[in-house]
Amino acid sequence: MIEDTYNMKINEYLPLRDIVFQTLRNAIITGELQPGERLMETQLAEKLGVSRTPIREAIRKLELEGLVIMVPRKGAQVAQFTEKDIQDVLEVRAALEALAARLACNRMDDRAFLKLQLAIAEYSYAAKNKDLETMIEKDVEFHDIICNATQNDKLIQMFNNLKEQVNRYRITYLKNVEDSDTVEAEHLAILEALKNKEEDIASSLASKHIHTQCDGITDFVKNRCQ
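How each quantity is defined
- Residues numbered from 1 in each chain as written.
- Predicted model: local features only at pLDDT ≥ 70, side-chain atom pairs only at ≥ 80, totals over all residues.
- Heavy atoms only, no water.
- Helix = DSSP H or I, 4+ residues; strand = E, 2+ residues; numbered from the N terminus.
- Rg over C-alpha atoms; globule rule 2.2 N^0.38 Å.
- Areas by Shrake-Rupley, 256 points an atom, 1.4 Å probe, with all protein chains shown as cover.
- Lys, Arg positive; Asp, Glu negative; His and termini not counted.
- Charge placed at Lys NZ, Arg CZ, Asp CG, Glu CD.
- Expected span 1.5 Å × (residues − 1).
- Buried < 20%, exposed > 50% of the residue type's maximum accessible area, 1.4 Å probe, protein only.
- Axes fitted to C-alpha atoms, helices over the stretch in contact; angles between N-to-C directions.
- Parallel < 35°, antiparallel > 145°, perpendicular 65-115°, else oblique.
- Left-handed = near helix turned anticlockwise from the far one by under 90°.
- Contact = heavy atoms within 4.5 Å.
- Pairing = 2+ DSSP bridges.
- 1 Å grid on protein atoms, 1.4 Å probe; cavity = no way out; pocket = protein on both sides within 12 Å on 5 of 7 lines; lining within 4 Å.
- Points joined across faces, edges and corners; volume = space filled by probe spheres on them.
- Nonpolar A, V, L, I, M, F, W, Y, C, P; charged D, E, K, R; others polar.
- Salt bridge = Lys/Arg side-chain N within 4 Å of Asp/Glu carboxyl O.

### Notes on the overall build of the protein chain
Summing up its helical and strand segments, the protein chain has 10 helices and 2 strands in all. The helix and strand sequence of the protein chain, counted from the amino end, reads α-α-α-β-β-α-α-α-α-α-α-α. Computed over C-alpha atoms, the radius of gyration of the protein chain comes to 19 Å, within 12% of the 17 Å expected from 2.2 N^0.38 for 226 residues, which places it in the range of a compact globule. Summed over all atoms, the accessible surface of the protein chain reaches about 12,300 Å², with 48% contributed by carbon and sulfur. Treating the 30 positive side-chain charges of the protein chain as one cloud and the 38 negative ones as another, the clouds have centres 5 Å apart.

Printed below as a string of structure tokens:
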């Protein structure tokens with residue numbers, strides 16, 4: 001459950017209901033609100049210092065995103081994710097990543113390559129310091145740079161539409177992956193293929209990278225349920 005010390009990030013340009021929504025969504029994605037955990041409107045309103053109305057509105061939006069489900073006689077709770085959920089989302093993501101890498105081979109400029117190198121270096125530094133938040137941030141950044149380099153608006157839109165669901169699984173993976181060097185090595189291999197404009201190799205490596213995550217998350221979910 002969200003701790004009493006949890007503070008919303010106030011943004012004067014956003015309505016309160018949007019701030020509450022983003023706060024709860026982030027808590028679910030990061031695992032602060034656990035799968036299966038009940039969302040009690042009164043309790044959440046007290047912890048966040050708001051009325052129940054924006055909490056109720058946020059829960060409805062989270063239900064539309066698939067992050068919350070309504071259970072008869074129990075109310076709202078954080079949606080569980082099953083092996084099939086993971087596979088369905090990451091199969092689509094793997095296909096998008098493969099296409100993005102293929103297109104980016106001939107569309108990336110020097111600035112994008114420098115950004116990728118910096119993202120990898122900062123991920124490595126964060127991993128050595130067990131800074132999970134920065135690891136997640138830099139992993140997201142790595143994939144965003146490649147996707148944006150495609151200059152394909154439809155691909156970018158589809159990529160972003162899956163982002164929140166993917167982030168939930170990504171966090172689970174990075175929290176439990178035993179060897180962060182694996183992620184870094186895969187990123188470096190993708191970068192090298194992009195630099196060499198090896199479309200088939202870059203596409204294959206990008207797809208394999210996501211499938212590795214899928215296998216890791218699936219194993220974790222299986223072990224948790226045993």
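Back to the text.
### Comments concerning helix α4 (residues 83–104)
With 22 residues, α4 extends 31 Å from end C-alpha to end C-alpha; this agrees with the ideal 32 Å at 1.5 Å per step. What α4 keeps buried is the set I86, V89, L90, R93, A94, L96, E97, A98, A100, A101, L103 and A104.

### Notes on the packing of helix α6 (residues 132–149) against helix α9 (residues 180–195)
Two elements in contact, α6 and α9, have axes whose closest approach is 12 Å; the angle formed by their N-to-C orientations is 20°. In terms of orientation, α6 lies roughly parallel with respect to α9. Considering only the axes of α6 and α9, their crossing is left-handed. When α6 is examined against α9, the residues M135, D139, F142, H143 and I146 are found in contact with a partner set consisting of S180, V183, H187, I190 and L194.

### As for the environment of S207
By the secondary structure assignment, S207 is in helix α10 (residues 199–225). Classification of S207 as buried rests on a relative accessible area of 19%. Separated by 63 residues in the primary sequence, S207 and D144 have C-alpha atoms spaced 15 Å apart. Here S207 is in contact with A94 and A98, once residues within four sequence places are set aside.

### Some remarks on the pairing of strand β1 (residues 68–71)
Strand direction decides the pairing type here: β1 and strand β2 (residues 75–78), joined by 4 bridges, are antiparallel. Along β2, the bridge assignment pairs V68 with V78. Counted along the chain from β1 to the antiparallel partner β2, the turn is 3 residues long, and its residue R73 has a positive phi close to 65°.

### Remarks on empty space enclosed by the protein
All chains considered together, the criterion is met by 1 cavity of 30 Å³ or more. In this model, the largest cavity occupies a volume close to 30 Å³. What lines the largest cavity is simply E97, A101, F142, H143, I146, I190 and A206. Among the elements of the structure, α4 and α6 are those that each provide at least two residues to the lining of the largest cavity. Among the elements that make up the lining of the largest cavity, the one with the highest residue count is α6 (3 residues). The residue inventory of the lining of the largest cavity, partitioned by class, reads 5 nonpolar, 1 polar and 1 charged.

### What to know about the environment of A202
Among the structural elements, A202 can be located in helix α10. Judged by its relative accessible area of 0%, A202 is buried. For the pair A202 and L191, spaced 11 residues apart in sequence, the C-alpha separation works out to 8.0 Å. Apart from residues lying up to four places away in sequence, A202 is in contact with A101, C105, A193 and L194.

### Here we look at the packing of α4 against helix α7 (residues 153–161)
Relative orientation of the contacting elements α4 and α7 amounts to 145°, with a least axis distance of 11 Å. Judged by the sense of rotation from one axis to the other, the crossing of α4 with α7 is left-handed. Packed against α4, whose contacting residues are R93, L96, E97, L99, A100 and L103, the element α7 presents L155, M158 and F159 at the interface. By residue class, the composition of the contact of α4 with α7 is 7 nonpolar, no polar and 2 charged.

### Some remarks on the pattern of salt bridges
For the structure shown, the criterion picks out 12 salt bridges. The closest approach of N and O atoms between R52 and E41, which form a salt bridge, is 3.2 Å. Highlighted residues: R52 in helix α3 (residues 52–64) and E41 in helix α2 (residues 41–48), separated in sequence by 11 residues. On the accessibility criterion, R52 (41% relative accessible area) is partly exposed. Here E199 and R102 are joined by a salt bridge, their closest N and O atoms 3.8 Å apart. Residue E199 is found in helix α10, and its partner R102 is found in helix α4; the two are separated by 97 residues along the sequence.

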